[in-house]
Every structure is written in C-alpha cells, then in structure tokens.
Amino acid sequence: MPRPIQAHINSSAIRHNYLVAKRFAASGANGAKAWAVVKANAYGHGLFRIANALRDVADGFALLEIEAAIALREAGFQHPILLMEGFFDAEDLAACIAYGFTACVHQMYQLQMIRKAQPAVPMPIYLKLNTGMNRLGFVPEQIPALRSELAQNPAIGSVTLMMHFAEADGERGIDWQVKEFAQMCTGLDHPVSMANSAAIINFPQTAHDWVRPGIMLYGSSPFADVSAKQLELTPVMTLTSRILAVQKIQPGERVGYGGTFVATRPTRVGIVACGYADGYPRHASTGTPILVNGVRTQTLGRVSMDMLACDLTDLPEADIGAPVVLWGEGLSADEVAAAAGTISYELFCALAPRVPVVEI
Ligand SMILES: *Cc1c(COP(=O)(O)O)cnc(C)c1O
C-alpha cells in the first residue's frame, strides 16, 4: 500500500473560479478577457490538468516557461499564449514566432531582435511598462524612443500595454501606479492589461482589456483579511493523508525534533504521514490548523521531513487510519500558509513530486 498522502485536484472548481474572475472583471469593465495564469506548473496543480479543465472556457493561457508553452501548443491548445517574461534569446524568439506566442517585451533590444527575425506574420507583443514595481519594463524616459521604434518596425504586430500592480492587496493601493501608467500611455493607442487577482477583485475598474488572474483560479484569496470563501472561490487542491500512529504522553513530555511542544495535560498525539518533503511548510509551528475526521484541531511541535504531529486529545474517536486534511476542502490553504508565515502560492508551488495526484 502506498503512503496515504494524496493531493486531490478538483477540475470543476478551477472552472468555477475562472468564471468568478471573469464575473469580477465584467463588473468593472465590460468585455475584459482573462488570461488563465498557469506559470509554475499551474501553481503546482499540474499544467495539463488545469489547461484541460479550462480548455473550453479560457480566453488564453499566460505563463513564462517556454517549454511548457510549446507543450501546450503541441498538445493542440490553439488559444492565445502569453509569455510573461518574454524571450531570453534568439532561439526562444524563433519558437515564439513558430508557435504563435505573444511575448512580453521589456527592453529595446528585444524589439530589434524581432525585426531581425523577420517573422512571416507580424508578431503580437505585450509592452511591459514599469510603473513602480521596479522589476521589468520601460521607464517614462524611454517612451519617445519606444514610440518611434513601434512606428517603423514592420515585424511588430498587435501591441498591448501591460503593467503589474505591486500593492493591489496592500495599503498603497493602485492609484499611484494607474496614474503613472496613464501618463506613460499618452499617445500610445493600444489595448491594456493591468490586473492580477488582487486588482480584479478590489479594483475591477482596472479590468480592461485583458486581466491576468492567477491565485484566485486556484481558490485562494489574494488578501490577508478576506477569505476565499467570502469571495466565492472554491479550493482546487486538497492535500489529504491519514493518522499512522497515536502516542499518549504525560504532562512534561515533548513531541518531535527540538522538543518544541511540551504537554501540559495528558495528550493524545496523532502522527500524520505528511512532512516538509511532501511540501508541507516546515515553518508551520504548534497550533497550525489541521482537520482530522473532518474536525479542526492543531499541529504539535516541529514538522519533520515525512511526518507531523497533531493533537487528538479532544478527538477520542480519531485513531490510526483516521483521515486528515492538511489544506483544501474544509480548511483553507490561506490559513495554513498564514500560520507558517507565508502565502498559499508558496504552499501550492512546493507540492512535492512524490505526492500522488488524484483528479476529482
Ligand atoms: C503571476 C502573475 C500574475 C498572476 O498574479 P496573481 O496574484 O496570482 O493573480 C499576473 N501577472 C503577472 C505578470 C504575473 O507574473
């Protein structure tokens, strides 16, 4: 019998969440199309699993690994595909042209590379403008040169102006970036793409012409203070396992490496077949929520590589073999992530290859 840990991926939930994203987007700006963001192996959920689930509804797929983009095309996905970090060399660019990808462009030399590549059909691009995130993109001083390059470069097809919000889930909000973007776009008459999940929900007025929902597709909230449930998002990944041993310890006895948990009462400790080598966050300390037999309890002590401990003292009927939910259905990954000082994006992306995946 294999180890009892499994990740269950719910493909109807991903379709539901995609339509929730479209609904938020439509509430602010009619007609917004949505890239389904499937970078990082669809946030750890499996690229093809997610792409297949969204095949009939997605307006397009956005990611940044070119091998994955090629694999999608070769599997028959004819949707628009956006490479959000663009191309890295001439070979990548040739693949973009051959497979009909849209690429982000954030440096002037990339426009010249496209010209030199002489594509048979002008290539669609996303021009990335740096409005304050300060990772990628053209800055205001480059706009005049950019404008003249676009005017005389026959290899460039449709242009979309793109920016990325740094704090759509935070205090500074978006106005400062929207203002900068509007200024930079003056005289450039093209469709735009601005919003990630946080902006789609909080600022749907930014949701034209193409939005880029990521985390919300996977059923998590982009906000620390609003739950996925409140946003009508459904968890897509549920990580389950079972209790494989039960220990009874007395006050003063400890659990796990470093003995960081010390019992203050007679305690029944359940040992769960799940550890950090499965992708469970090692920084989840005592008190992290966990479901046993569908009932909420808490983890005890340090997470080890293959196991973690939980408190069964108040769950006398929970014994060896009892089902455990680490996150997902019934226990939001956002809560577990918060207890580990991280975000659910990281939990999902860290799901280990050794965990068997079951599609439901
Ligand atoms: C990852 C990414 C997104 C999606 O962000 P979420 O917060 O997951 O919605 C959108 N745009 C760009 C450029 C990204 O890299």
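Residues numbered from 1 in each chain as written. Predicted model: local features only at pLDDT ≥ 70, side-chain atom pairs only at ≥ 80, totals over all residues. Heavy atoms only, no water.

Digging into the domain arrangement of the protein
In many reports, interface size means the accessible area that the parts give up when they come together.
Next, step 1: In terms of domains, the protein is made up of domain 1 (11-218) and domain 2 (237-359).
Next, step 2: The C-alpha-based centres of domain 1 and domain 2 are spaced at 38 Å.
Next, step 3: Listed as interface residues are seven residues of domain 1 and, on the opposing side, eight residues of domain 2.
Next, step 4: Of the roughly 720 Å² buried between domain 1 and domain 2 on both sides combined, carbon and sulfur atoms contribute 68%.
Next, step 5: Taken as a group, Tyr43, Arg49 and Ile215 account for 60% of the area that domain 1 buries against domain 2, more than any other trio of residues on that side.
Next, step 6: The interface formed by domain 1 and domain 2 contains one salt bridge.
Next, step 7: Arg49 is the salt-bridge partner of Glu359, the closest N and O atoms lying 3.0 Å from each other. (Domains from an automatic or database assignment. Contact = heavy atoms within 4.5 Å. Buried area = accessible area lost by both parts, 1.4 Å probe. Salt bridge = Lys/Arg side-chain N within 4 Å of Asp/Glu carboxyl O.)

Here we look at the layout of surface pockets
Next, step 1: In this structure, the largest pocket encloses a volume near 1,000 Å³.
Next, step 2: In terms of lining, the largest pocket is formed by 42 residues, of which the most central are Asn196, Ile215, Pro222, Ile343 and Tyr345.
Next, step 3: Counting only elements with at least two residues in the lining of the largest pocket, the list comes to helix 2 (39-43), helix 9 (197-202), helix 10 (333-339) and helix 11 (344-349).
Next, step 4: Sorting elements by how many residues they give to the lining of the largest pocket places helix 10 first, with four residues.
Next, step 5: Classifying every residue of the lining of the largest pocket by side-chain character gives 23 nonpolar, nine polar and ten charged.
Next, step 6: For the lining of the largest pocket, the two domains that each supply at least three residues are domain 1 (11-218) and domain 2 (237-359).
Next, step 7: Space inside the second largest pocket adds up to approximately 290 Å³.
Next, step 8: Residue lining of the second largest pocket: 20 residues in total, with Pro235, Gly328, Gly330, Leu331 and Ser332 positioned closest to the centre.
Next, step 9: Its residues placed into classes, the lining of the second largest pocket shows ten nonpolar, six polar and four charged. (1 Å grid on protein atoms, 1.4 Å probe; cavity = no way out; pocket = protein on both sides within 12 Å on 5 of 7 lines; lining within 4 Å. Points joined across faces, edges and corners; volume = space filled by probe spheres on them. Helix = DSSP H or I, 4+ residues; strand = E, 2+ residues; numbered from the N terminus. Nonpolar A, V, L, I, M, F, W, Y, C, P; charged D, E, K, R; others polar.)

Overview of unusual backbone geometry
Glycine aside, residues mostly have negative phi angles, and peptide bonds mostly take the trans form.
Next, step 1: With omega at -15°, the peptide bond leading from His208 into Asp209 counts as cis.
Next, step 2: Along the polypeptide, Asp209 turns up in the loop between helix 9 and strand 9 (210-211).
Next, step 3: Positive phi, normally seen in glycine, also occurs at Ala42, with a value near 55°.
Next, step 4: Its location among the elements puts Ala42 in helix 2.
Next, step 5: Even without being glycine, Asn293 reaches a positive phi, approximately 55°.
Next, step 6: Following the sequence through the fold, Asn293 ends up in the loop between strand 14 (289-292) and strand 15 (295-300).

Structural notes on the site of the ligand
Next, step 1: The full set close to the ligand counts 13 residues, and Lys39, Tyr43, Ser197, Ile215 and Tyr345 are the nearest of them.
Next, step 2: With respect to the ligand, the side chain of Ser197 contributes an N or O atom lying 2.5 Å from an oxygen atom.
Next, step 3: Expressed as a share of its isolated accessible area of 390 Å², the protein-covered part of the ligand is 92%.
Next, step 4: Its residues assigned to classes, the shell around the ligand comprises six nonpolar, four polar and three charged. (Near = heavy atom within 4 Å. Polar contact = N/O pair within 3.5 Å; in protein donor to acceptor, adjacent residues only side chain to side chain. Areas by Shrake-Rupley, 256 points an atom, 1.4 Å probe, with all protein chains shown as cover.)

Observations regarding the side chain of Ser221
Next, step 1: As for its position among the elements, Ser221 is in the loop between strand 9 and strand 10 (237-249).
Next, step 2: Among the polar contacts made by the side chain of Ser221, one reaches the main-chain carbonyl oxygen of Val226 at a distance of 2.6 Å.
Next, step 3: Those residues in contact with Ser221 that sit more than four places away from it in its chain are Val226, Ser227, Ala228, Leu231 and Asp334.

Structural notes on empty space enclosed by the protein
Next, step 1: Considering all chains together, one arrives at one cavity of 30 Å³ or more under this definition.
Next, step 2: Around the largest cavity sit Lys128, Leu129, Asn130, Thr131, Gly132, Met133, Arg135, Leu136, Met163, His164 and Gln177, which together line it.
Next, step 3: In terms of residue class, the lining of the largest cavity is built from four nonpolar, five polar and two charged.

Considerations on the sheet that holds strand 4 (residues 81-83)
Next, step 1: Strands sit in the order 8-7-6-5-4-3-2-9 across an open sheet of eight strands; the sheet is parallel. Edge positions in the sheet fall to strand 8 (192-193) and strand 9, since each has one partner strand and no second.
Next, step 2: One ladder, built from two bridges, connects strand 4 with strand 5 (residues 102-105); its direction is parallel. Across the sheet, the residue bridging to Leu83 is Ala103, located in strand 5. (Pairing = 2+ DSSP bridges.)

Concerning the pattern of salt bridges
Next, step 1: Tallied over the full model, the rule gives ten salt bridges.
Next, step 2: Between Arg296 and Glu335 there is a salt bridge whose closest N-O contact spans 2.5 Å. Here the residue Arg296 occupies a position in strand 15, and Glu335 occupies one in helix 10, the gap between them amounting to 39 residues.
Next, step 3: The class of Glu335 is partly exposed, set by a relative accessible area of 34%.
Next, step 4: The partner of Arg354 in a salt bridge is Asp306, with the nearest N and O atoms 2.8 Å apart. Of the two residues, Arg354 is situated in the loop between helix 11 and strand 18 (357-359) and Asp306 in the loop between strand 15 and strand 16 (308-311); the sequence distance between them amounts to 48 residues.
Next, step 5: Residue class for Arg354 comes out partly exposed when judged on its relative accessible area of 40%.
Next, step 6: Among the ionic contacts, a cluster of salt bridges with common partners joins Arg3, Asp278, Asp306 and Arg354. (Buried < 20%, exposed > 50% of the residue type's maximum accessible area, 1.4 Å probe, protein only.)

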